[in-house]
Every structure is written in C-alpha cells, then in structure tokens.
Amino acid sequence: MKKMKLVILLVLLIPLTSMSKELGVSFSYLFPKNGYFSSPVAPLAIRGVGVKMGDFMSLGTGVSWYNIAGVQVIELEDFDPVEPTLGPLTTFLFPLELSLKVPLGKNRIEFIGGGFLFFNATSRINSGNLDRELRAYEDWQVLNGDYEMTNHLGMGYDFGAQLVIYVKRNLAITIKGMYMIGGMPIDLRGTYEGINELGEYESKSFEFTNSKMDITGWEFSVGALFAGK
C-alpha cells in the first residue's frame, strides 16, 4: 500500500513539476522477450514531461502503469525455463530519456534513449508454469512446488524513436517504439516434491540468489501530445 500511495503521488506531481510546454499521454503496450503480451492500465502512460533543452533536444520523464501478463526469470544457474514464470504483475515504470528532435515539415521524428526504474506493486509467481518447467528439468513424473520471491527496485535502459504528427497547432498524434533492456532482483526460492523418474517420492529445495525478473522487450505506444501556447 505504501508503494501504491507513492506512485499515485508521483503521478499527480509529474504534470505540476513539468518545465516543458508539451505533455503526452498514450496507450503503451509491452511485448517482453519470452513473455506474454501486456496491456496498459488506466491512467495509461504519461510521458515527455520534463525540460526543454533548445529547439531540438529535451530531457523527459513520466510514468507507465502496466498489467504484465507474464515475464521470464533469468540467472537461474543451469535451469533455463522456456515459459514465463512470473505473472500477472502490476508494474510501474519511470523513465528518464533524452530526445533528439528532427523536423519533418510541421511534424517531426524524435530519437530517444535513456534509462528507467521500475517496481511491482503486486506480483505473482506462475506456479503452474514453474511446476512444468521444473518437472521437465528434473525429468520427474509428477511435481508440485511452493515458491516465493522478493520485490526489489529494478532498472534498465531503453532506446527507440517517436513520430509526432500534428493534427492541430496544439495537438499531435504520437507513434513510438522503444526497445527496453532491464531486470529486477527477485531472490526466487522454494521447495518442490513429487515422483521422480524411478517412481519414488522425492523432495528438494532451491534458492536462486542471483535470479532476476527480465523486462527486456519491445514497448509500442500510440497517444496524443498536447502543446502549450
């Protein structure tokens, strides 16, 4: 709840603290590597809030609120799952990006790059997928497990481009694609039991101290940009 209250406060403060004459809102969709397609949650995404640095450059921030259906866990030693083992997740992502603006008549294209922080307000391990992956890894006949994780602050970097098409003097449509590379330590751990390949009952425990939630993937956004006078 404390994290949720902090996010709500930040969302309210972002437009008030902006030094830019433009404010963008968008639907942002995430396609994580080896994960499931993820859709945005209202209030969608607020981006491009920040400081204008001349006519052709700006430094921007914002927030995206995602309902991530499923993502992969990496750094699991020699255990390499195929199916996503985390999800669904309610995730907040805060970027800090530098934009280089290239005019295209009255419109423009922006080349964007920077970094981001993110965390999960709510999270869940996909126990069904993890059971199946561990059963295949162990070559057991039957396997059921009890798993835990710990949320930390994640970080990464991104790069991409945005097309800005003005339909009115103070209103533009935006189309953006960004490639994100990032991870969050989660300390995946647990126990599992079942019937091994010999037909015998067996139980094991594990703790992957270096495990990370992998948020690497594509983010595509369609939105609107509102310009001041």
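Asker: Help me understand the overall build of the protein in this model?
Answerer: For the protein, the helix and strand inventory stands at 2 helices and 13 strands. Of the contacts made within the protein by residues no fewer than 6 positions apart, 70% connect residues no fewer than 24 positions apart. In the structure as shown, the protein presents an accessible area of about 12,000 Å², 62% of it carried by carbon and sulfur atoms.

Asker: When you look at helix H2 (residues 127–138) in this model, what are you seeing that I'm missing?
Answerer: An ideal rise of 1.5 Å per residue puts 16 Å on 12 residues; H2 measures up with 16 Å between its terminal C-alpha atoms. Summarising the contacts, the buried residues of H2 are in contact with strand S7 (142–148), strand S10 (188–195) and strand S11 (201–208).

Asker: How should the pattern of salt bridges be read in this particular structure?
Answerer: Pairing between side chains of opposite charge can happen when their charged atoms approach one another. Across all of its chains, the model carries 3 salt bridges by this definition. Among the ionic pairs, Arg108 bridges to Glu110, the shortest N-O distance being 2.6 Å. Across the pair, Glu110 and Arg108 agree in class, each one buried. Where Arg189 meets Glu148, a salt bridge forms, and the shortest distance between an N and an O atom there is 3.5 Å. Remark: Glu148 occurs in strand S7 and Arg189 occurs in strand S10; sequence separation between them is 41 residues. Overall, the relative accessible area of 44% leaves Glu148 in the partly exposed class.

Asker: Looking at this structure, how should I read unusual backbone geometry?
Answerer: Cis peptide bonds are those with omega within 30 degrees of zero, and the linkage from Gly87 to Pro88 qualifies with 0°. If you trace the backbone, Pro88 turns up in the loop between strand S4 (72–74) and strand S5 (89–104). One non-glycine residue, Glu75, lies in positive phi territory at about 60°. Topologically, Glu75 is positioned in the loop between S4 and S5. Taking the relative accessible area as the measure of exposure, Glu75 reaches 49% and is therefore partly exposed. One non-glycine residue, Glu77, lies in positive phi territory at about 60°. Relative to the helices and strands, Glu77 is located in the loop between S4 and S5. Relative accessible area serves as the criterion here: at 67%, Glu77 is assigned to the exposed category.

Asker: It is not clear to me how the sheet that holds S7 should be interpreted in this structure. Could you clarify?
Answerer: Spatially, S7-S10-S11 is the arrangement adopted by the 3 strands of the open sheet, whose pairing is antiparallel. Only two strands of the sheet have a single neighbouring strand rather than two, namely S7 and S11. When the angles between neighbouring strand axes are averaged without regard to direction, this sheet yields 15°. Alignment of S7 against S10, held across 7 bridges, turns out to be antiparallel. The partner of Asp146 across the bridge, within S10, is Thr191. Of the strands in this sheet, S7, S10 and S11 touch H2, which is tilted by about 125° from S7.

Asker: Explanation requested: the confidence of the model for the protein in the structure shown.
Answerer: Atom-level detail of predicted coordinates should not be read off regions where pLDDT is low. Here the protein averages 88 in pLDDT, while 86% of its residues score no lower than 70. Low pLDDT, under 50, characterises residues 11–18; the stretch is placed with 9 contacts to residues that sit more than four places away or in other chains.

Asker: What exactly am I supposed to notice about the side chain of Asn120 here?
Answerer: With respect to the secondary-structure elements, Asn120 resides in strand S6 (residues 107–122). Here Thr91 takes part through its side chain, which lies 2.7 Å from a polar atom of the side chain of Asn120. A distance of 3.1 Å separates polar atoms of two side chains, one belonging to Asn120 and the other to Asn151.

Asker: What is the right way to look at the packing of aromatic side chains in this model?
Answerer: Ring pairs (aromatic) are described by centroid distance and by the angle formed between their planes. Counted according to the given criterion, the structure contains 16 aromatic pairs. With centroids separated by 6.0 Å and ring planes inclined at 40°, the aromatic side chains of Tyr192 and Phe206 adopt a geometry described as tilted. Separated by 14 residues along the polypeptide, Tyr192 in strand S10 and Phe206 in strand S11 bring together distant segments of the chain. Here Tyr192 matches Phe206 in class, with each residue buried. Ring centres of Phe206 and Phe208 lie 5.1 Å apart, and the angle between their planes is 35°; on these two criteria the pair is classed as tilted. Both residues of the pair, Phe206 and Phe208, count as buried.

Conventions we followed
- Residues numbered from 1 in each chain as written.
- Predicted model: local features only at pLDDT ≥ 70, side-chain atom pairs only at ≥ 80, totals over all residues.
- Heavy atoms only, no water.
- Helix = DSSP H or I, 4+ residues; strand = E, 2+ residues; numbered from the N terminus.
- Contact = heavy atoms within 4.5 Å.
- Areas by Shrake-Rupley, 256 points an atom, 1.4 Å probe, with all protein chains shown as cover.
- Expected span 1.5 Å × (residues − 1).
- Salt bridge = Lys/Arg side-chain N within 4 Å of Asp/Glu carboxyl O.
- Buried < 20%, exposed > 50% of the residue type's maximum accessible area, 1.4 Å probe, protein only.
- Pairing = 2+ DSSP bridges.
- Axes fitted to C-alpha atoms, helices over the stretch in contact; angles between N-to-C directions.
- pLDDT = per-residue confidence, 0-100.
- Polar contact = N/O pair within 3.5 Å; in protein donor to acceptor, adjacent residues only side chain to side chain.
- Phe/Tyr/Trp six-rings, centres within 6.5 Å; stacked < 30°, edge-to-face > 60°.

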